[in-house]
Each structure stands twice: as C-alpha cells, then as structure tokens.
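# Remarks on the overall topology
Chain by chain, the residues:
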Amino acid sequence: MTFAETSGVGTAEAVPTPVLAAKTRGLRKLYRNTVAVDHVDLDVPEGAVLGMLGPNGSGKTTTIRLLLGLTTPTSGEIELFGARLPEAAAAVLPQVGALVEGPGFHPFLSGRDNLLRCAAAEPLLASKAIPGAVDEALERVGLADAANRRYRGYSLGMKQRMGLAAALLVPRRFVVLDEPTNGLDPAGTREVRAVIADLHAAGTTVLVSSHLLSEVEATCTHVAVLHQGTVVAQGELKDLLEASNAGLLVSTPEVTAAVDALRDNRIPARAVPDGLLVDLSASTAPEVVATLVRADVPVYEVRRQRTGLEDLFAQLTETT
C-alpha cells in the first residue's frame, strides 16, 4: 500500500456512503386491484429527521405501515438498521417507537393507567423502571397534570400527546410519527417540534409524515416526496430547495441595460419589481456578475431566488 493510498494525497476523495436507519427497494403493495405503493425506493439516513410528504392517497401511511411490519408488502425489500423485515422484526422493532393513524387507548382508564399497560408490554423496559418511565413520558408531552383523568375525556390534541408519550416510553433508535401535530393548538405544535428537536440532538432517527409544509421545513433535515404511490424526490432538504432554485435575483438601478447585456451573452433574464431575475439553467452566478461588470452595469446585490417547500411540493406533485 502506497503513501498516497493511506494519506489520500493524489487520489480522489471517496464520498462516504450514508448509514441508513431504514431502506426499501422496489416496495409494492396491492389492495385487490388498487396499487397503494408502487416500487418505492426510500432511504432514511441514520440520525436524520425525514419529512414524508405527499397528497392524500399518495401512499405515505401505507409506506409507514410497511416499514413497521404492520402490513406485508406484495413485493420488494425492507430493512431496518441493516436487518431484513419481516425476518428480523422481533429483534429490531422494539427499537422503534411509532404513532400511526391516531392513537388508540382504553377510554375508561386514565392516561397514566393506559401508559402503564403500554409500558408493561415494552420488552426493553424493566418492571421496576416502568413507573418512572411513564411519569417521564407524561411530563415530556405536557400531560403530567392530566395523567389521572380518564382518556375518554381527553381532547383530540391530548390524545395525540398520549400517542407520542407511548412512542417515547423507552429510548428509541428510530421514531415514526404520522401527523403528530393533528389536533394540536400552536403551543402544542411548538412542544412537538421541541420533542423532535430533542430526539434529533440525541441522535435518534425521526420520520415525520405531515401535511403541514411549514412544520416540515422548520423541523426536518431530509425530505421524501411521494406522489401516486411512488417517491418522486428525496434527499437533504437544503439540497432539494437549492436544486429547484434555478434563478438569480440581481438588484441594479439599470435594469434595462442589465437585461440587454445578459441577453447579448445568451443568458436569459427578465425585469422583476426588485431588479431582474436571471435564469441560471445555462449559466452560473459568477458568469452573470462578470457579464454585468464588463457592461458597466452597477450591481448592488446578488442573491439566489428562494423557493420554499410549498413551491417545491407543488412542482413535484401537480398533475399535468
């Protein structure tokens, strides 16, 4: 082995392959003649907060149920922490906490008693640790003061918090939350966002299915967009937003001269209220600035056009 091979000098630096908490390949699910999920290839990087987005009927919940072993695929492969499902389900699923399609608890029991029953079924929780784990989970989701009230008297938002508490009874490597802010007021939504941030800081992988794009943009590091049962885009959120920003906003007092100079150099541009918008599909930002400077056009400010997640989502899922 040479010095270059051991030091990296004179060799192309290899891009490390991300470690995946969950992976699917060719995942397909049929319900009679209905295709719910169609050849889904999904990567959930370990330690990421991945937002799963898609219109109603896009296959989000079905994909989640398949990942959790709640239903079996018609075809395809599923891995959690590198282990194949369903063969390794008993070994890996205790490391996964989930809130899927709304929580279900005994209506005549209190919140605490419901969680005690859930905790008793946790294979990773010792019997003597159950009371403390339940109290900690209730405190974490803001239900400590309502712990002794019957579940049937809980509001929709409180029931959502109960489901989240059950998912967090023990430390998890992977937490799956299907519409976790459903029914929550703004304060409750902020609390759920804080819980997700705490999980992320602790290295837990989180998958969040949500229709609230602003919440996904505020909390997630990665995004997977489903449409008509398949993944149409996935990756780091910042990279996806950057890739969709093919425009450059230029502030200048001489808009007409700037547009003419760029068009003379075959760089598409048009006037907008704040200056001009330059199409970067066939050029780069430095080339645009250099062209304007050579044409003696004063440039006050240059910035990339900002595309939000809502615009990106519409681009990926609108039917043509």
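The name given to the protein in an unreviewed UniProt entry is ABC-2 type transport system ATP-binding protein, with Kibdelosporangium banguiense as the source organism. Looking at the Sequence similarities (unreviewed entry) heading of the UniProt record, one finds this comment for the protein: "Belongs to the ABC transporter superfamily."

## Notes on the sheet that holds strand β2 (residues 34-45)
Pairing between the strands of a sheet comes from backbone hydrogen bonds, and it takes one of two forms, parallel or antiparallel. One open sheet holds the four strands; their spatial order is β2-β1-β4-β5, and the pairing between them is antiparallel. Strands with a single pairing partner mark the edges of an open sheet, and in this sheet they are β2 and β5 (83-85). For this sheet the average axis-to-axis angle between neighbouring strands, irrespective of direction, equals 25 degrees. Where strand β4 (residues 75-80) and β5 come together, three bridges link them in antiparallel fashion.

## Structural notes on the nonpolar core
Counting residues in each nonpolar core, the largest one holds 46 residues, and the members touching the most others are Leu143 and Met162. Residues within four places of Leu143 in sequence aside, it is in contact with Leu138, Tyr154, Met158, Arg161 and Met162. Val44, Phe81, Val100 and Val231 belong to the second-largest nonpolar core, a separate cluster that totals 28 residues.

## As for the sheet that holds strand β7 (residues 174-178)
Reading across the sheet, the six strands line up as β6-β7-β8-β3-β9-β10 and stay open at both edges, with mixed pairing between neighbours. Each edge of the open sheet carries a strand with a single partner, namely β6 (96-99) and β10 (230-236). Pairwise comparison of adjacent strand axes, ignoring direction, gives a mean angle of 15 degrees for this sheet. Note: β7 against strand β8 (residues 205-209), five bridges, orientation parallel. Note on β8: the bridge partner recorded for Phe174 is Thr205.

## A look at the side chain of Ser251
Its location among the elements puts Ser251 in strand β11 (residues 247-251). Leaving out residues up to four positions away in the same chain, Ser251 has contacts with Asp274, Pro298, Val299, Tyr300 and Glu301.

## Quick word on the side chain of Thr204
You can see Thr204 is positioned in the loop between α7 (186-201) and β8. Looking at Thr204, its side chain comes within polar contact range of the main-chain oxygen of Arg172, at 3.2 Å. Every residue in contact with Thr204, bar those within four places of it in the chain, is listed here: Gly47, Ala48, Arg172, Arg173, Phe174, Val175 and Leu199.

## Thoughts on α7
Between the first and last C-alpha of α7 there are 22 Å, a value that for 16 residues agrees with the 22 Å anticipated at 1.5 Å per step. Among the residues of α7, Gly188, Thr189, Val192, Val195, Ile196 and Leu199 are the ones counted as buried. All buried residues of α7 lie within an arc of 115 degrees about the axis, which places them on one face of the element. Set apart from the buried face of α7 by more than 90 degrees, the exposed residues are Pro186, Arg190 and Ala201. Tucked into the core, α7 has its buried residues touching β3 (49-53), α5 (130-140), α6 (156-167), β7, β8 and α8 (213-219). At the exit of α7 stands Gly203, carrying a positive phi of roughly 90 degrees.

## Concerning the confidence of the model for the protein
Per-residue confidence for the protein gives a mean pLDDT of 87, with 92% of residues at or over 70. Note that pLDDT drops below 50 for residues 1-12; the model gives that stretch five contacts with residues more than four away or on any other chain.

## A look at the packing of helix α4 (residues 111-120) against α6
Where α4 meets α6, the axes come as close as 10 Å, and the angle between the chain directions of the two elements is 30 degrees. Taken as axis vectors, α4 and α6 run roughly parallel relative to one another. The hand of the α4/α6 crossing is right-handed. Only Met162, Ala165 and Ala166 of α6 make contact with α4, whose side of the interface consists of Gly111, Asn114 and Leu115.

## Description of the environment of Leu42
For Leu42, the position within the fold is in strand β2. The sequence separation of Leu42 and Thr63 amounts to 21 residues, and the corresponding C-alpha distance is 9.4 Å. Those residues within four positions of Leu42 in sequence are excluded, and the remaining contacts are Ala22, Lys23, Thr24, Arg25, Met52, Thr63, Leu67, Ala224 and Gln234.

Quick notes on the rules
Residues numbered from 1 in each chain as written. Predicted model: local features only at pLDDT ≥ 70, side-chain atom pairs only at ≥ 80, totals over all residues. Heavy atoms only, no water. UniProt positions renumbered as here; feature names shortened; annotations may be inferred. Pairing = 2+ DSSP bridges. Helix = DSSP H or I, 4+ residues; strand = E, 2+ residues; numbered from the N terminus. Axes fitted to C-alpha atoms, helices over the stretch in contact; angles between N-to-C directions. Core = buried A, V, L, I, M, F, W, Y, C linked by side-chain atoms within 4.5 Å. Buried < 20%, exposed > 50% of the residue type's maximum accessible area, 1.4 Å probe, protein only. Contact = heavy atoms within 4.5 Å. Polar contact = N/O pair within 3.5 Å; in protein donor to acceptor, adjacent residues only side chain to side chain. Expected span 1.5 Å × (residues − 1). Arc of directions from axis to C-beta. pLDDT = per-residue confidence, 0-100. Parallel < 35°, antiparallel > 145°, perpendicular 65-115°, else oblique. Left-handed = near helix turned anticlockwise from the far one by under 90°.

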